[in-house]
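Close look at the chain arrangement
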Amino acid sequence: MSTPDLTVLAGPTAVGKGTISRRLIELYPEVYLSISATTRSPRENEQDGIHYHFLTLTDFDAKIKNNEFLEWAVVHGTHKYGTLREPIEQAQQNGLRPLLEIDLQGARILRETVPPGAKFLFLAPPSFEELITRLGIRGTESVEDRMRRLDTAKQELASQDEFDHIIVNDDVEDVIKELAELMNL
Ligand code: 5GP
């Protein structure tokens, strides 16, 4: 039996991937939003097993060794983030459509490792200035952290052409419509 293809949604920090994917799963219950593992600490409003699986570095490294990740990367030069293989395969066996919100490095790894048919989408801000504004508004990071994230964002924005489609995030409902069409939902 063939399993549903996965969709990768990449894009710079603070571009709104979280908002978009939450809205998408509200409207399309057949979408399975992947919960990544990370070694970073939870933010105030984040819960283990819902927003991320928060792991110690030791536990994360043990899972790397056991080949439990579909992909993993050090993001913003600080913490490890990765997609666990098992829940994705489980979702696919259940006929669900996995959606992975990951960074550029992870997207590049999956390009090489997952079967053809996977879709690689890039969520872009309307402009770089708008991205800076959104990052400022979030206010959950220190100044150094924001600078580091902006640095990564510049590199990510330069990679847009590697993706199958670029979606500009200027209006949530328009983005959802475009995304649903691209995923054949
Ligand atoms: P944050 O710390 O703001 O939650 O996430 C930082 C970045 O980590 C996000 O922009 C996201 O693209 C990336 N990220 C989240 N989960 C994963 C993952 O499982 N794999 C990879 N490669 N990157 C991830």
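A brief report on the enclosed structure follows. (Residues numbered from 1 in each chain as written. Predicted model: local features only at pLDDT ≥ 70, side-chain atom pairs only at ≥ 80, totals over all residues. Heavy atoms only, no water.)

Quick look at the sheet that holds strand 8 (residues 119-124)
Read across the sheet, five strands follow the order 2-7-1-8-9 without closing on themselves; strand pairing throughout is parallel. Because the sheet does not close on itself, it has two edges, and the strands there are strand 2 (31-33) and strand 9 (165-168). For this sheet, the mean angle separating the axes of adjacent strands, direction not counted, is 25 degrees. Across three bridges, the pairing between strand 2 and strand 7 (residues 97-101) is parallel. Looking at the pairing, leucine 33 lines up with leucine 99 of strand 7. Packed onto the sheet, helix 1 (residues 17-27) meets strand 1 (7-10), strand 2, strand 7 and strand 8 and runs at close to 165 degrees relative to strand 7. Strands strand 1, strand 7 and strand 8 of the sheet are contacted by helix 4 (residues 104-113), whose axis makes an angle of about 165 degrees with strand 8. (Pairing = 2+ DSSP bridges. Helix = DSSP H or I, 4+ residues; strand = E, 2+ residues; numbered from the N terminus. Axes fitted to C-alpha atoms, helices over the stretch in contact; angles between N-to-C directions. Contact = heavy atoms within 4.5 Å.)

Focus: the site of the ligand
Ser36, Arg40, Tyr52, Tyr81 and Asp103 are the nearest of the 18 residues found near the ligand. Between the ligand and tyrosine 81 there is a distance of 2.5 Å, counted from an oxygen atom to a side-chain nitrogen or oxygen. Aspartate 103 is positioned with one of its side-chain polar atoms (N or O) 2.7 Å from a nitrogen atom of the ligand. Taking 510 Å² as the accessible area of the ligand by itself, protein coverage stands at 94%. Elements that contribute at least two residues to the shell around the ligand include exactly strand 5 (69-75) and strand 6 (79-84). Counted by class, the shell around the ligand contains five nonpolar, five polar and eight charged residues. (Near = heavy atom within 4 Å. Polar contact = N/O pair within 3.5 Å; in protein donor to acceptor, adjacent residues only side chain to side chain. Areas by Shrake-Rupley, 256 points an atom, 1.4 Å probe, with all protein chains shown as cover. Nonpolar A, V, L, I, M, F, W, Y, C, P; charged D, E, K, R; others polar.)

Remarks on helix 1
In an α-helix, one turn spans 3.6 residues; hence positions three or four apart end up facing the same way. Along helix 1, the positions that sit buried rather than exposed are Lys17, Ile20, Ser21 and Leu24. One side of helix 1 holds all its buried residues, which, seen down the axis, span an arc of 90 degrees. On the buried face of helix 1, the contacting elements are strand 1, strand 2, strand 7, strand 8 and helix 7 (172-182). (Buried < 20%, exposed > 50% of the residue type's maximum accessible area, 1.4 Å probe, protein only. Arc of directions from axis to C-beta.)

Points about the side chain of serine 34
Along the chain, serine 34 turns up in the loop between strand 2 and strand 3 (37-38). Sequence-distant contacts of serine 34, that is, excluding residues within four places in its chain, are made with Thr83, Ile88, Leu99 and Leu100.

Some remarks on a negative patch on the surface
Together, Asp170, Asp171, Asp174, Glu178 and Glu181 give the surface a local cluster of negative charge. Within the element layout of this structure, glutamate 181 appears in helix 7. Look at glutamate 181 and you get exposed, because its relative accessible area is 57%. (Patch = residues over 30% accessible without salt bridge, like charges linked within 9 Å, V, L, I, M, F, W, Y side chains within 5 Å. Salt bridge = Lys/Arg side-chain N within 4 Å of Asp/Glu carboxyl O. Lys, Arg positive; Asp, Glu negative; His and termini not counted. Charge placed at Lys NZ, Arg CZ, Asp CG, Glu CD.)

Describing the side chain of aspartate 103
The residue aspartate 103 is located in the loop between strand 7 and helix 4 in this model. Here aspartate 103 sits buried without a salt bridge, and the closest side chain of opposite charge, lysine 17, lies 8.0 Å off (N-O distance). In this structure the side chain of aspartate 103 is engaged in a polar contact, spanning 2.9 Å, whose partner is the backbone nitrogen of glycine 106. Apart from residues lying up to four places away in sequence, aspartate 103 is in contact with Ala73, Val75 and Glu156.

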